[in-house]
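Next come the chains, spelled out residue by residue.
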Amino acid sequence: MKKASNLARSALAAALLAAVSTGALSEVVLKASHQFPGGKGDVRDEMVQMIAREVAAAKVDMTIKVFPGSSLVKATEQWKAMQTGQIDMTSFPLDYASGFHPQFGATLMPGLVKSHEHAQRINASPFMQDIKAIIEKGGAKVLADAWLAGAFGSKDKCIRKPEDASGLKVRSAGATFAQMWAGAGASIVAIPSSEVYSALQQGVAQATDTSSGSFVSFRLYEQLKCLTAPGDNALWFMYEPVLISMKSWNGLNDAQKKALTDASKKAEAYFNAESKKLDDTMVETYKKNNVQVVTLTDAEAQAWRDVAQKTSYKLFAEKVPGGKELIEKALSVK
């Protein structure tokens, strides 16, 4: 019996050794969190789901579990959740973490990114190198870049020039844009995006800025008479990357890192194509609903950037360490 017991223990030890050598006991599970609706076609959700599928197909003993719709962590708390180890990955607007790193406010700054093509050049610029260095110093790493375009909409008249905003009650998506609107003579209405429709309906707001997707999903075309679409001179762009905590990244082996990197590149390419389609869908939807659609000329866009330079850019340069240099580097990308 003793000999049989020894043989059994030896067999178990051999099996465990074989399992370890083949990686069967080294399965890595990463928790990915984001605020966007899951399984409903949102390109940001699909971007993360694609990364999870591609990693699973690579068979590198790694699984990514996706928690959409703020089901695991609230939207604005995801940066901190990565630092504490509550989650490993996230897709979220980097500006949400500007309370921790105020430099991130530059990634939702009027007129810094002019088009989807310009966004690609921004990604390869010293400006983005600086932003990513701050991200990494903060304990995270960018897996995939993602820029989402937005627009202006008005109940009364088309907003082309800064003077068109004078006297208007405007709901703005972020502090930097609110500063620009105020500089153009508008008064700011502070309400969440979910209340924009009723605010426009009741006259509490006369104009708004938000993402292309939100202009459609909130059916704002039922309240607006004119849409200033992104075109080639967009003023509204938001950086919403896929991030992984550096601690989680450093815990992966080389094969897992390669699989995650390859999957992220594929997801980034998907997002770049789909985000442009969001703009096209918005324009088509608004035209179908008899809303006038315009885009800014070079001169009109520059007039807005001139206002932003005296307001949003000026405050950012004064209050944020290295802010002036960041804006200059972004503006130098043609």
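Residues numbered from 1 in each chain as written. Predicted model: local features only at pLDDT ≥ 70, side-chain atom pairs only at ≥ 80, totals over all residues. Heavy atoms only, no water.

Engineer: Could you clarify how one ought to interpret the nonpolar core in this entry?
Structural biologist: Inside soluble globular proteins, nonpolar side chains tend to come together where they are buried. One finds Trp79, Leu94, Ile135, Trp181 and Trp304 to be the most contacted residues of the largest nonpolar core, which totals 55 residues. Broken down by element, this core gets its largest block of residues, five residues, from helix H5 (residues 126–137). The contact partners of Trp181, leaving out residues within four places of it in the chain, are Phe152, Ile159, Ala165, Val170, Ser172, Ala186, Ile188, Asp209 and Trp304. Counting residues in each nonpolar core, the second largest holds 29 residues, with Val48, Ala52, Ala144 and Trp249 among its members. (Core = buried A, V, L, I, M, F, W, Y, C linked by side-chain atoms within 4.5 Å. Buried < 20%, exposed > 50% of the residue type's maximum accessible area, 1.4 Å probe, protein only. Helix = DSSP H or I, 4+ residues; strand = E, 2+ residues; numbered from the N terminus. Contact = heavy atoms within 4.5 Å.)

Engineer: Help me understand the sheet that holds strand S2 (residues 62–67), please; the structure alone is not making it clear to me.
Structural biologist: The strands making up a sheet associate through backbone hydrogen bonding, with each pair oriented either parallel or antiparallel. Spatially, S2-S1-S3-S11-S4 is the arrangement adopted by the five strands of the open sheet, whose pairing is mixed. Strand pairing shows two members of the sheet lacking a second neighbour, S2 and strand S4 (140–144), which therefore form its edges. Shown here is a sheet whose adjacent strand axes are inclined to one another by a mean of 25°, direction ignored. As paired elements, strand S1 (residues 28–34) and S2 share six bridges and run parallel to each other. (Pairing = 2+ DSSP bridges. Axes fitted to C-alpha atoms, helices over the stretch in contact; angles between N-to-C directions.)

Engineer: What's the story with the state of the cysteines in this structure? I'm lost.
Structural biologist: By definition, a disulfide links the sulfur atoms of two cysteines through a covalent bond. In this structure the tally under the stated criterion is one disulfide. Residue pairing for Cys158: its cysteine sulfur links by disulfide to Cys226, the two sulfurs lying 2.0 Å apart. The sign of the 100° torsion about the S-S bond sets the Cys158-Cys226 disulfide as right-handed. Highlighted residues: Cys158 in the loop between strand S5 (147–154) and strand S6 (169–171) and Cys226 in strand S9 (residues 226–228), separated in sequence by 68 residues. Given the relative accessible area of 15%, Cys158 is considered buried. Assessed through its relative accessible area of 2%, Cys226 is described here as buried. (Disulfide = S-S within 2.5 Å.)

Engineer: Would you mind showing me how to read unusual backbone geometry here?
Structural biologist: Leave glycine aside and you will find that most residues have negative phi; peptide bonds, for their part, are mostly trans. Here Lys59, not a glycine, exhibits a phi torsion of approximately 50°, which is positive. Tracing the backbone shows Lys59 in the loop between helix H2 (43–58) and S2. On the accessibility criterion, Lys59 (72% relative accessible area) is exposed. Phi is positive for Asp61, which is not a glycine, with a value near 55°. Looking at where Asp61 falls in the secondary structure, it is placed in the loop between H2 and S2. For Asp61, a relative accessible area of 28% gives the class partly exposed.

Engineer: Which parts of the structure should I look at to understand the side chain of Thr228?
Structural biologist: When you line up the elements, Thr228 lands in strand S9. Relative accessible area serves as the criterion here: at 4%, Thr228 is assigned to the buried category. Polar contacts involving the side chain of Thr228 include one to the main-chain carbonyl oxygen of Ile159, which spans 2.7 Å. Not counting chain neighbours up to four residues away, the residues in contact with Thr228 comprise Ala151, Phe152, Ile159, Val294 and Leu296. (Polar contact = N/O pair within 3.5 Å; in protein donor to acceptor, adjacent residues only side chain to side chain.)

Engineer: Could you clarify how one ought to interpret helix H11 (residues 298–310) in this entry?
Structural biologist: For an α-helix, the turn length of 3.6 residues means that residues three or four places apart are oriented alike. Across its 13 residues, H11 extends 19 Å between first and last C-alpha, which sits within 8% of the 18 Å expected from 1.5 Å per residue. Elements in contact with the buried residues of H11: S5, helix H6 (175–183) and helix H12 (312–319). (Expected span 1.5 Å × (residues − 1).)

Engineer: Looking at this model, I keep getting lost on the packing of aromatic side chains. Mind explaining?
Structural biologist: Pairs of aromatic rings are described using the distance from one ring centre to the other and the angle between the two planes. All told, the structure shown has nine aromatic pairs when counted by the stated rule. Measuring from ring centre to ring centre gives 6.3 Å for Phe92 and Tyr96, while their planes differ by 70°; the resulting arrangement is edge-to-face. For Phe92, a relative accessible area of 0% gives the class buried. The class of Tyr96 is partly exposed, set by a relative accessible area of 31%. Look at Trp181 and Trp304: their rings are 5.3 Å apart centre to centre, the planes differ by 70°, and that puts the pair in the edge-to-face class. Here Trp181, found in helix H6, pairs with Trp304, found in helix H11; they are 123 residues apart in sequence, far enough to count as distant. Of the aromatic side chains, those joined through ring pairs into one cluster are Phe152, Trp181 and Trp304. One residue, Arg44, lies across the ring of Phe36, its end atom 3.9 Å from the ring centre. Of note, Lys141 hangs over the ring of Trp249, and the distance from its end group to the ring centre comes to 5.0 Å. (Phe/Tyr/Trp six-rings, centres within 6.5 Å; stacked < 30°, edge-to-face > 60°. Lys NZ or Arg CZ within 6 Å of the ring centre and 35° of its normal.)

Engineer: So what exactly am I meant to see when it comes to the packing of H2 against helix H10 (residues 254–288) here?
Structural biologist: The description of two packed helices rests on the angle between their axes and on the distance between the axes. Where H2 meets H10, the closest approach of the two axes is 8 Å, and the angle between their N-to-C directions is 155°. For the element pair H2 / H10, the angle class is roughly antiparallel. Every pair of crossing elements has a handedness; the one defined by H2 and H10 is right-handed. When H2 is examined against H10, the residues Val43, Arg44, Glu46, Met47, Met50, Ile51, Glu54, Val55 and Ala58 are found in contact with a partner set consisting of Ala259, Leu260, Ala263, Ser264, Lys266, Ala267, Glu268, Tyr270, Phe271, Glu274 and Leu278. (Parallel < 35°, antiparallel > 145°, perpendicular 65-115°, else oblique. Left-handed = near helix turned anticlockwise from the far one by under 90°.)

Spatial relationships are all this shows, so hold off on functional conclusions.
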